[in-house]
2 protein chains.
Amino acid sequence: MKKRTYNCGLDAAVDVVGGKWKALILWALHREPLRFGELRRSISGISEKMLIQQLREMEVYGLVHREVHRQVPPKVEYSLTEFGRSLNEALIPLGDWGHRHMATIEAIPRD
Amino acid sequence: MKKRTYNCGLDAAVDVVGGKWKALILWALHREPLRFGELRRSISGISEKMLIQQLREMEVYGLVHREVHRQVPPKVEYSLTEFGRSLNEALIPLGDWGHRHMATIEAIPRD
DNA sequence: CGTCCTACTTACCAAAAGGTAGGTACCTGA
DNA sequence: TCAGGTACCTACCTTTTGGTAAGTAGGACG
């Protein structure tokens, strides 16, 4: 997040959901609240550092809610806020598109 | 574009439309084909280098079509392909979301 | 006492993305 | 002859993003 004003809604949305992981995290929390370790395991390839970093940002953005259950071992659950859920819904068509064109996308030459 | 396989469609879509500019360029070409200079002027803040770089990638991805009219001064028109149009449509809900929540997004504290 | 569990935190590094400033080629018109 | 317009290209640098590896706290369990 660098800017303060946007020319169009897409501009603003990309700023919020930008980066490699936020959309995936949002998606992972779609069904049910998950704890840190569950999230890490459900998003293949993400490092602990990235997961926390993104979760913290998304908490500030008001997309996810963080709930600490004081126990040993620690248990922290992450869930979507209403705001997060609304963004998730806006991402569904994009996810569908990616799903429909997966083969085409994978066939794109890299570098 | 770094990966070859994806876990979900959203993953793939984010890989294609990722970065700061591609979604904006797609959006700018929504109405009509534009030439290089028109594009540059219609996307505020973009540098020539970024615009070309992104256009080239999007051409490889099959999202935009580049047509050179041999004249002096040169005229090059960029337009959306069917593939590009389909992606653009998938981005509409996201753009709407950003538009609806613009005030909230702008109010998010930075850094 | 030592090891395991969870959910982090920190330091350090590499790669990717983005920005700036200049230059090129071609023809036009003054 | 020389500035002007279009659509680039190139080198260099900074910022952002992502990754690795290690360490921490506070019990539980053997």
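Just so we're clear, the structure is a prediction, and the values are computed from it rather than from any experiment.

Caption draft 1: Here's a closer look at the protein's contact with DNA strand C. The environment of DNA strand C is formed by 22 residues, the closest being Glu48, Ile52, Arg66 and Tyr78 of chain A together with Lys49 of chain B. Within 4 Å of the protein, the contacting atoms of DNA strand C are 68% sugar and phosphate, with bases supplying the remainder. The contact in question runs from a sugar or linking oxygen of DNA strand C to an N or O atom on the backbone of Pro74 of chain A, over 3.0 Å. Contact distances for DNA strand C include 2.7 Å between a phosphate oxygen and a side-chain N or O atom of Tyr78 of chain A. The leading source of residues in the surface near DNA strand C is helix H4 (residues 48-61) of chain A, at 4 residues.

Caption draft 2: Seen up close, the layout of surface pockets. Roughly 230 Å³ of volume is contained in the second largest pocket. What lines the second largest pocket is a set of 15 residues, among which Leu24, Ile43 and Ser44 of chain A together with Asn7 and Asp11 of chain B lie closest to the centre. With 3 residues, helix H2 (residues 22-28) of chain A is the single largest residue contributor to the lining of the second largest pocket. Each residue belonging to the lining of the second largest pocket can be placed in one class, and the counts come to 7 nonpolar, 5 polar and 3 charged.

Caption draft 3: Highlighting the UniProt feature "domain: HTH hxlR-type" (unreviewed entry) in chain A. The UniProt feature table records "domain: HTH hxlR-type" (unreviewed entry) at residues 8-106 of chain A. Here residues 8-106 of chain A runs as 62% helix and 14% strand, with 30 Å between its end C-alpha atoms.

Caption draft 4: A look at the interface of chain A and chain B. The interface is formed by 40 residues belonging to chain A together with 40 residues belonging to chain B. Approximately 4000 Å² of surface area, both sides summed, lies buried where chain A meets chain B, with 76% of it carried by carbon and sulfur atoms. Linking chain A to chain B there are 0 salt bridges. Put simply, chain A and chain B have 2 residue pairs in polar contact (both at pLDDT 80 or more) between them.

Caption draft 5: Geometry of the pairing of strand E3 (residues 75-80) of chain B. Residues and elements named next belong to chain B. Pairing analysis gives 2 bridges linking strand E1 (residues 34-35) to E3, with the strands arranged antiparallel. Among the inter-strand pairings, Arg35 is bridged to a residue of E3, identified as Glu77. Pairing of strand E2 (residues 64-69) with E3 involves 6 bridges; the strand directions are antiparallel. Note on E3: the bridge partner recorded for His69 is Lys75.

Caption draft 6: Seen up close, the relation of the copies chain A and chain B. Between the two copies, chain A and chain B, the superposition gives an RMSD of 0.0 Å; the rotation angle is 180° and the shift along the axis is 0.0 Å. The operation mapping one copy onto its partner corresponds to a two-fold rotation axis. When the interface residues of chain A are mapped onto chain B, 100% of them are again interface residues, pointing to one common binding face.

Caption draft 7: Molecular detail of the protein's contact with DNA strand D. Surrounding DNA strand D, one finds 20 residues, the nearest of these being Lys49 of chain A together with Glu48, Ile52, Arg66 and Tyr78 of chain B. Here, DNA strand D places atoms within 4 Å of the protein, and 68% of those atoms are sugar or phosphate. Arg35 of chain B places a side-chain nitrogen or oxygen 2.9 Å from a phosphate oxygen of DNA strand D. In the model, a phosphate oxygen of DNA strand D is placed 2.7 Å from a nitrogen or oxygen of the Tyr78 of chain B side chain. Considering each element in turn, the surface near DNA strand D owes the most residues, 4 residues, to helix H4 (residues 48-61) of chain B.

Caption draft 8: Expanded view of the sheet that holds E1 of chain B. Residues and elements named next belong to chain B. Overall, antiparallel pairing links the 3 strands, which are arranged E1-E3-E2 in an open sheet. In this open sheet, the two strands that pair with only one neighbour each are E1 and E2. Together, E2 and E3 form the strand contacts of H4, whose direction differs from that of E2 by roughly 110°.

Thresholds applied
Residues numbered from 1 in each chain as written. Chains lettered and ligands numbered in written order. Predicted model: local features only at pLDDT ≥ 70, side-chain atom pairs only at ≥ 80, totals over all residues. Heavy atoms only, no water. Near = heavy atom within 4 Å. Polar contact = N/O pair within 3.5 Å; in protein donor to acceptor, adjacent residues only side chain to side chain. Helix = DSSP H or I, 4+ residues; strand = E, 2+ residues; numbered from the N terminus. 1 Å grid on protein atoms, 1.4 Å probe; cavity = no way out; pocket = protein on both sides within 12 Å on 5 of 7 lines; lining within 4 Å. Points joined across faces, edges and corners; volume = space filled by probe spheres on them. Nonpolar A, V, L, I, M, F, W, Y, C, P; charged D, E, K, R; others polar. UniProt positions renumbered as here; feature names shortened; annotations may be inferred. Contact = heavy atoms within 4.5 Å. Buried area = accessible area lost by both parts, 1.4 Å probe. Salt bridge = Lys/Arg side-chain N within 4 Å of Asp/Glu carboxyl O. Pairing = 2+ DSSP bridges. Least-squares fit on C-alpha atoms with pLDDT ≥ 70 in both. Axes fitted to C-alpha atoms, helices over the stretch in contact; angles between N-to-C directions.

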